[in-house]
Amino acid sequence: SGFKQHLTYLVFIMGVLYTDLVAGCAAGMAHDALLHPVDTLRARLDVRSGSGGANPLRAMMHEARQVIHSDGLAGLYRGYVLCLVGSAPANALYFSTYQACKRYFAASGVDEARMLSPLYDAASGLCAEVIAAGLWTPLDVVKQRLQVAPADLRAADAIRAACARRGMIGLWRGYFAGLCVWGPFSAVYFASYEAIRDAMGREAVGSNLMAGMGGGAIAAVTTQPLDCARTRLQVGLTKESAGLMQVVRDIFAREGLQALMRGTLARALWLAPGCGITITVFDNVAALLQTAN
């Protein structure tokens, strides 16, 4: 009957969403557990003023030594607890939205036009970022304040500082700036990921890991200058009214291109393996759940 068909379809959709959400949670937790120290170095390099340290590797190693000397190894994990609390659900929302958009395009028949498929992959990634950024932005604002602050700053103090001028809305400072960074990142990443995986062969061993790393590296490097400006916005080192592109121009005028690109290596070392790990964990957990169901 029609009712049975609708009920069967609803159960199927709920099962698919459950699979995507759980796999996304697992992917986010794996990423943060392994790569949070590199993210800490990336944030600190982005907010450091001056034109010194033009060599990305030298700058990253110098920053790592400074953090360990002043705060010990624990300094590299500042803000990690927040990631455990917030990153898993944010990644769940991110990956489930991406998969839902891909299914929508496939159902609409657009997937048959192979020449345009990278555009649809990019659009799906952009949609995923727009939705998930609502959870990621307050997490990033507080996490990055902890990462660049002295060791005695607590999470509660970071939240109060973020809310000091504009109330709770201060936790979402940089939401649109974040979309200007992570929206293009997600679009470039997923378009590159799908293209690399198609070129390697989807059934090839390790294709999701290698494609994820390759796509993550390409997207990380292309969006680094925007990410530098976004980080300074979110930790409160710019004027309240400053826009993302204005901050980019100011950094370039005062400190040069090397300041915008100083965190490139740390960002690539954070995001390339991170993207490879998350997409591999996501695919494998999703496959296990689908088999179990």
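Quick caveat: nothing in here was measured; it's all calculated off a predicted structure.

Caption draft 1: Looking closely at the packing of aromatic side chains. Counted under the stated rule, the structure contains 14 aromatic pairs. With 5.8 Å between their ring centres and 40° between their planes, Tyr94 and Phe190 make a pair best called tilted. Of this pair, Tyr94 sits in helix α3 (residues 80-107) while Phe190 sits in helix α6 (residues 175-200), and the two are 96 residues apart along the sequence. Residue Phe190 is classed as buried on the basis of its relative accessible area, which comes to 0%. Measuring from centroid to centroid gives 4.8 Å for Phe95 and Phe282, while their planes differ by 20°, and the two rings are stacked. With Phe95 in helix α3 and Phe282 in helix α11 (residues 264-292), this residue pair connects regions lying 187 residues apart in the sequence. Of the two residues, Phe95 and Phe282, both sit in the buried class. Taken together, Tyr94, Phe95, Tyr98, Trp136, Trp182, Phe185, Tyr189, Phe190, Tyr193, Trp270 and Phe282 form an aromatic cluster joined through their ring pairs. Its guanidinium or amino end placed over the ring of Trp182, Arg267 lies 4.9 Å from that ring's centre, counting from NZ or CZ.

Caption draft 2: Representation of the nonpolar core. Ranked by size, the top nonpolar core spans 39 residues in total, and within it Tyr94, Phe95, Phe185 and Tyr189 carry the most contacts. Core analysis: the next-biggest nonpolar cluster, separate from the first, contains 8 residues, Ala59, Met60, Ala64 and Leu76 among them.

Caption draft 3: Spatial organisation of the packing of helix α4 (residues 117-148) against α6. Contact geometry for α4 and α6: axes closest at 7 Å, N-to-C directions at 140°. The angle between the axes of α4 and α6 places the two elements in the oblique class. Regarding α4 and α6, the two cross each other, and that crossing is right-handed. Of the residues in α6, those in contact with Pro118, Asp121, Ala122, Gly125, Leu126, Glu129, Val130, Ala133, Gly134, Thr137 and Asp140 of α4 are Tyr175, Leu179, Trp182, Gly183, Ser186, Ala187, Phe190, Ala191 and Glu194. Grouping the amino acids of the contact of α4 with α6 by side-chain chemistry returns 11 nonpolar, 5 polar and 4 charged.

Caption draft 4: Seen up close, a nonpolar patch on the surface. A cluster of nonpolar side chains, Met29, Val81, Leu84 and Val85, forms an exposed patch at the surface whose accessible area comes to about 390 Å². The element that contributes the greatest number of residues to the nonpolar patch is α3, accounting for 3 residues.

Criteria and cut-off values
- Residues numbered from 1 in each chain as written.
- Predicted model: local features only at pLDDT ≥ 70, side-chain atom pairs only at ≥ 80, totals over all residues.
- Heavy atoms only, no water.
- Phe/Tyr/Trp six-rings, centres within 6.5 Å; stacked < 30°, edge-to-face > 60°.
- Helix = DSSP H or I, 4+ residues; strand = E, 2+ residues; numbered from the N terminus.
- Buried < 20%, exposed > 50% of the residue type's maximum accessible area, 1.4 Å probe, protein only.
- Lys NZ or Arg CZ within 6 Å of the ring centre and 35° of its normal.
- Core = buried A, V, L, I, M, F, W, Y, C linked by side-chain atoms within 4.5 Å.
- Axes fitted to C-alpha atoms, helices over the stretch in contact; angles between N-to-C directions.
- Parallel < 35°, antiparallel > 145°, perpendicular 65-115°, else oblique.
- Left-handed = near helix turned anticlockwise from the far one by under 90°.
- Contact = heavy atoms within 4.5 Å.
- Nonpolar A, V, L, I, M, F, W, Y, C, P; charged D, E, K, R; others polar.
- Patch = residues over 30% accessible without salt bridge, like charges linked within 9 Å, V, L, I, M, F, W, Y side chains within 5 Å.
- Areas by Shrake-Rupley, 256 points an atom, 1.4 Å probe, with all protein chains shown as cover.
- Salt bridge = Lys/Arg side-chain N within 4 Å of Asp/Glu carboxyl O.

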